Amino acid sequence: LPNLSTLSASQNALTMIPAEIQRMQKLKALNIGDNQIAELPQEIGKCAALATLYIHHNHFVTLPVGMHELSSLTELALEWFRYATPPLPLILKG
């Protein structure tokens, strides 16, 4: 799916996102909200075109530091996100 630009997989009881997501170089919008995901792969930062990321209502307690590489990111939904290690500003600013 290297040419996919939008992926909506919300409300599917997903428990993980594979590291292979980095192959989706044209992905601009990813909605994985309302799942059971506890961890995002570091490789999410390799999705250079990603502008919209909805990860709300999951089981995250950490976010990958690689998220700071998402230079095209303009919208991030984190509702019901309790805690970020490392702190969220460090992740987003690098």
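Provided above is the structure to which this section pertains.
Right, let's walk through the structure included here. (Residues numbered from 1 in each chain as written. Predicted model: local features only at pLDDT ≥ 70, side-chain atom pairs only at ≥ 80, totals over all residues. Heavy atoms only, no water.)

1. Digging into the sheet that holds strand 1 (residues 6–8)
With respect to topology, 4 strands assemble into an open sheet ordered 1-2-3-4, the strand pairing being parallel. Both outer strands of the open sheet, strand 1 and strand 4 (75–77), are each paired with one neighbouring strand and no more. Averaged over all neighbouring strand pairs, the angle between strand axes comes to 5°, with direction disregarded. As defined by bridge partners, strand 2 (residues 29–31) adjoins strand 3 (residues 52–54) across 3 bridges and the pair is classed as parallel. Along strand 3, the bridge assignment pairs leucine 30 with leucine 53. (Pairing = 2+ DSSP bridges. Helix = DSSP H or I, 4+ residues; strand = E, 2+ residues; numbered from the N terminus. Axes fitted to C-alpha atoms, helices over the stretch in contact; angles between N-to-C directions.)

2. Overview of the nonpolar core
Counting 19 residues, the largest nonpolar core has Ile21, Leu30, Ile32, Leu40 and Ile55 as the members making the most contacts within it. When neighbours within four sequence positions are excluded, leucine 40 is seen to be in contact with Ile17, Ile32, Ile55, Phe60, Leu63, Pro64 and Met67. (Core = buried A, V, L, I, M, F, W, Y, C linked by side-chain atoms within 4.5 Å. Buried < 20%, exposed > 50% of the residue type's maximum accessible area, 1.4 Å probe, protein only. Contact = heavy atoms within 4.5 Å.)

3. Regarding the pattern of salt bridges
Here the structure, examined in full by the defined rule, presents 1 salt bridge. Linking glutamate 69 and lysine 46 is a salt bridge whose minimum nitrogen-to-oxygen distance equals 3.4 Å. Taken together, the residues span a long stretch of sequence, with glutamate 69 in the loop between strand 3 and strand 4 and lysine 46 in the loop between strand 2 and strand 3 at a distance of 23 residues. Residue glutamate 69 is classed as partly exposed on the basis of its relative accessible area, which comes to 35%. (Salt bridge = Lys/Arg side-chain N within 4 Å of Asp/Glu carboxyl O.)

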